[in-house]
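So the chains spell out like this:
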Amino acid sequence: MFQQRFFRRGPLALALLAAFGLPAQAQTLQEVTVNGAQDEGYSPASSRSATKTSAPLRDIPQSVQVVPAQLLRDQGARSMEDALRNVPGVAMSTGDGQRDQVVIRGFTALADQFIDGVRDDAMYFRDLADIERIEVLKGPAAVLYGRGSSGGLINRVTKKPQFGVTRGEATLGLGSFDYRRATADLNLGINESAAFRLNVAKEDSGSYRDQQFLKRYNFAPSLALKLARETDLLLQYTDADDRRLTDFGIPALNGRPVNVAASTYYGSGQAARDDTTTSHVRAFTSTLNHRFDEALSLRNVTRVQGYDLRRFNTLPSGTTDPVTQTVGRTRSFIFRDESSLFNQTDLTWRNRLGGLQQEWLLGMELGSQKKTAWSVSGGTVDRVNLLNPGSVVPPAIAASAYAADSAIPSHTSLGTSALYAQDQITLSPQWKALLGARYDVFSQDTAFERKLSPLGRTDKKFSPRAGLVWQPADWLSYYASYSRSFQPSGESLALSSSNAASAPEITENREIGAKLDLLDGQLNLTGALFRLERANIKNTDPNRPSVMINVGKQRTDGLELTATGRLPGRWDLSAGYAWLNGRMVESVATTASSQLPLVNVSALGKVPALTPRHSGFVWAMKDVGQGLRLGGGLSAVGARYTSLTNLVTLPGYTTLDAAAHYERGDWALDVNLKNLANRKYYVSSHGSNDNLILPGSPRALQLTLRTTF
């Protein structure tokens, strides 16, 4: 039966990919097909991110949000930005036009990206073709993941081979602004001891932004093996390439984004030549699981990754002159070449000690990263009209910029050695506790190719977590928790003479919450009330401008609410709301405005960038029968500041989306209409410069044709 269906549908899947120029190595696997993931709807019951075990979400004393496969499909999500709209308290930054960068609970999460629990802090845009779901763990998470995670972390869970099943899915996507994308997800259940899966994607699209383009592919094969009855081995490889125009957005004037069309581009008039970003990621992961018995198991993960980036850009990051109605443009480029090796070993032991049921996690992580960076900035090279920048080609970067100290290539080595332990304790049928601690030795060394002296430091930090859960009924959980993380100088970047002597910044989270499972577990409600503080923040010493000192503190008090699952009448629902009150409560720092005349603004009392007081979303789909599902949703975001100056405001907005899904036999059609009301809005900014604001997309239609075989 499968052979008949494959030869009927398989050539179509391969033809769709070939039409987009998929690399030849992916086209030769003609006898491989896919296994779809188990459908959990909008409400998965568990998450590995919070505990590194398959603990039910109701037993976790911390806020965890899961964006499942079905929701990603229903919304036609194409990027991390699309996916994370479904998580309250999360906002996007423009990420220098080169990477996924988020703000969680008011704190920038530059290096807090993970994949299957392993750090993935390379600076690139991530494709979702091989991603099953996305899990967001709120608050500090150093107890399991090490440095970083002030506001939280993002863990992408990959699609994995399934034993005993052979089938496949291919898609072709078309839409507004020359959107074109093809994917295939193929699973082959070779026998009882082996399964192979291949996820491939190719995209060649335009954009609502002038001169913008996107050319990318993702090639991700994986092999699962049963080496013995109690031993499994998973081998995964990823080859991802992304080339696009480097887009930093538009400038501001008089405290607001300039009033221009969403398409207006302020970079070079020959952007395809002058303003491009190309990233390439290659990664291999080996995961070995061994079960000694029902109570004791071992897991070892080794991940090797290589990453290179070539970014060129022209952007309106100079000053805005309200008198002459011009903005300064700067030019620069940056090259990055990085490699990383991480190894994690986790021992899980379920036992009954002292009359209490317990689940222990004992782990060790070793990591090594090598990072080379070369960046040349030409400073302000020209000025263009604020409201009509035209298609001006900027002057070349001056030769003198290549000799500046800031242009000296750097070579950074990062080393991680850590031990951690966690215990999930059942105190009684109604009470559960979670205790954990981690000890990190984190080293940083940066050397320069000429002139500058090498820099280095080693930090040794203890990171605890504790939580208590009360479950007075099988559908209701209350919890309280405390967690702490550390953010070393430079964190994932090169050290500099200004920060090499600075102690790590420390983040603490205190949280209480409730989790309700209603309608026989089909509808899940959560609420979290928290205070998140990051202390020891580095600020420029007023008496020594070239030196950073640890004297700042940022605080966010917040409330987050979510509702996910299925309502009576065959409605699938995902909704969330966040109230965030963020402030710099201690600081001696000042930040400069971008509009002439320049003024220095005290950071004390200011609201962190991209942190709206109110934000929320609701999305619902109804199964109306006969293979048809209809729905849509709205997203509302309050006013935000573009930077810590608080001088430029991004107006609040509400957007409306609609969706339809029709399925007949082996074929399905997804229709997504985004920004239905064609609302003009601003989706994000850089976060540290008032003149780099990204307009949101006008109304856009997206069609996805699917076939399974």
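The preceding data block contains the structure.
Each chain carries its own residue numbering, running from 1 in the written order of its sequence. Where totals are concerned, whole chains, interfaces and linings use all residues; where local detail is concerned, this predicted model gives features only for residues with pLDDT of at least 70, and gives and counts side-chain atom pairs only at 80 or more. The side-chain figures draw on all heavy atoms in the structure; neither hydrogens nor water molecules are used.

A. Quick peek at the pattern of salt bridges. A pair is scored as a salt bridge if a Lys or Arg side-chain nitrogen falls within 4 Å of a carboxyl oxygen belonging to Asp or Glu. Enumeration over the complete set of coordinates arrives at 56 salt bridges. Between Asp204 and Lys215 there is a salt bridge, with its nearest N and O atoms 3.1 Å apart. With a gap of 11 residues between them, Asp204 in strand E11 (residues 194-205) and Lys215 in strand E12 (residues 214-228) connect regions that are remote in the sequence. Only protein chains enter the area calculation, which uses a 1.4 Å probe; residues under 20% of their type maximum are buried, those over 50% are exposed, and those in between are partly exposed. By relative accessible area, which is 24% here, Asp204 ends up partly exposed. Exposure remark for Lys215: the relative accessible area of 40% places this residue in the partly exposed category. Asp623 is the partner of Arg570 in a salt bridge, and the nearest nitrogen-oxygen pair spans 4.0 Å. Linking Arg570 in the loop between strand E27 (544-567) and strand E28 (571-586) with Asp623 in strand E31 (residues 614-625), this pair joins segments that are 53 residues apart in sequence. Numbered from the N terminus, helices here are DSSP runs of H or I no shorter than four residues, and strands are runs of E no shorter than two.

B. Region of interest: the sheet that holds strand E4 (residues 107-109). The pairing criterion for strands is at least two bridges between them, as found by DSSP. Strand order in this open sheet of three strands is E2-E3-E4, and the pairing throughout is antiparallel. Two strands close off the open sheet at either side, each with one partner strand: strand E2 (90-93) and E4. With strand direction ignored, the average angle separating the axes of adjacent strands in the sheet is 35°. As judged from the four bridges shared by E2 and strand E3 (residues 101-104), these two strands associate in the antiparallel manner. In the strand pairing of E3, Val90 is matched with Ile104. Fitted lines through C-alpha atoms serve as axes, helices being fitted only where they are in contact, and the angles separating the N-to-C directions of these axes extend from 0 to 180 degrees.

C. Representation of unusual backbone geometry within the structure. At the junction of Leu596 and Pro597, the peptide bond is cis and its omega measures out at -5° in the coordinates. Tracing the chain through its elements places Pro597 in the loop between strand E29 (590-592) and strand E30 (600-602). Here Arg105, not a glycine, exhibits a phi torsion of approximately 55°, which is positive. Considering the arrangement of structural elements, one finds Arg105 in the loop between E3 and E4.

D. Focus on the packing of aromatic side chains. Ring pairs are drawn from Phe, Tyr and Trp, using the six-membered ring of Trp, whenever the two centres fall within 6.5 Å, and their geometry is named by plane angle: stacked under 30 degrees, edge-to-face over 60, tilted for the rest. Across all of its chains, the model carries 12 aromatic pairs by this definition. Note on Trp431 and Trp470: the rings are 5.8 Å apart at their centroids and 20° apart in plane angle, and the pair reads as stacked. Taken together, the residues Trp431 in strand E22 (residues 431-448) and Trp470 in strand E23 (residues 455-473) connect sequence positions 39 residues apart. Trp470 gets classed as partly exposed once you look at its relative accessible area, which sits at 35%.

E. Region of the structure containing the sheet that holds strand E5 (residues 113-115). Across the sheet, which stays open at both edges, the five strands sit in the order E1-E7-E8-E5-E6 with mixed pairing between neighbours. At either margin of the open sheet sits one strand with a lone partner, and together these are strand E1 (64-67) and strand E6 (118-119). The sheet contact formed by E5 and E6 spans two bridges and is antiparallel. Note on E6: the bridge partner recorded for Phe114 is Arg119.

F. Seen up close, the environment of Asp275. Tracing the chain through its elements places Asp275 in the loop between helix H6 (271-274) and strand E16 (276-291). Every residue pair with non-hydrogen atoms within 4.5 Å of one another is taken to be in contact. In contact with Asp275, other than residues within four places in its own chain, are Arg244, Leu245, Thr246, Tyr265, Gly267, Ser268, Phe312, Asn313 and Thr314. Within the structure, the side chain of Asp275 is placed 2.8 Å from the backbone nitrogen of Ser268, a separation counted as a polar contact. For this analysis, a polar contact is any N or O atom pair within 3.5 Å, provided that within protein one partner can donate a hydrogen and the other can accept it, and provided that sequence-adjacent residues contribute only side-chain to side-chain pairs.

G. A look at the pairing of E12. In this sheet, E12 lies alongside E11 in antiparallel orientation, the contact comprising 12 bridges. Along E12, the bridge assignment pairs Ala195 with Ala224. Between E12 and strand E13 (residues 231-245), which pair antiparallel one after the other, the connecting turn spans two residues.

H. Representation of the environment of Thr166 in the model. Checked against the element boundaries, Thr166 lands in the loop between strand E8 (152-158) and strand E9 (167-175). Along the primary structure Thr166 and Asn187 are separated by 21 residues, whereas in three dimensions their C-alpha atoms are 5.5 Å apart. Looking at Thr166, its side chain comes within polar contact range of the main-chain nitrogen of Gly189, at 3.0 Å.

I. Broad picture of the nonpolar core. One finds Leu84, Val102, Ile134 and Ile154 to be the most contacted residues of the largest nonpolar core, which totals 22 residues. The set of elements that each furnish at least two residues to this core consists of helix H3 (69-75), helix H4 (80-84), E2, E3, strand E7 (131-138) and E31. With 17 residues, the next largest nonpolar core counts Ile250, Ala252, Val260 and Val327 among its residues. Among buried residues, those of type Ala, Val, Leu, Ile, Met, Phe, Trp, Tyr and Cys that are joined through side-chain atoms within 4.5 Å constitute a nonpolar core.

J. View of a nonpolar patch on the surface. A cluster of nonpolar side chains, namely Leu427, Trp431, Leu468, Trp470 and Tyr478, defines an oily patch on the protein surface of about 450 Å² accessible area. Positionally, Leu427 belongs in the loop between strand E21 (410-426) and E22. When its relative accessible area of 40% is taken as the criterion, Leu427 is described as partly exposed. Grouping into patches uses exposed residues only, defined as over 30% relative accessible area, and leaves out salt-bridged ones; the cut-off is 9 Å for like charges and 5 Å for nonpolar side chains (Val, Leu, Ile, Met, Phe, Trp, Tyr). Using a 1.4 Å probe, the Shrake-Rupley method yields the accessible areas, and only the shown protein chains count as cover for residues.

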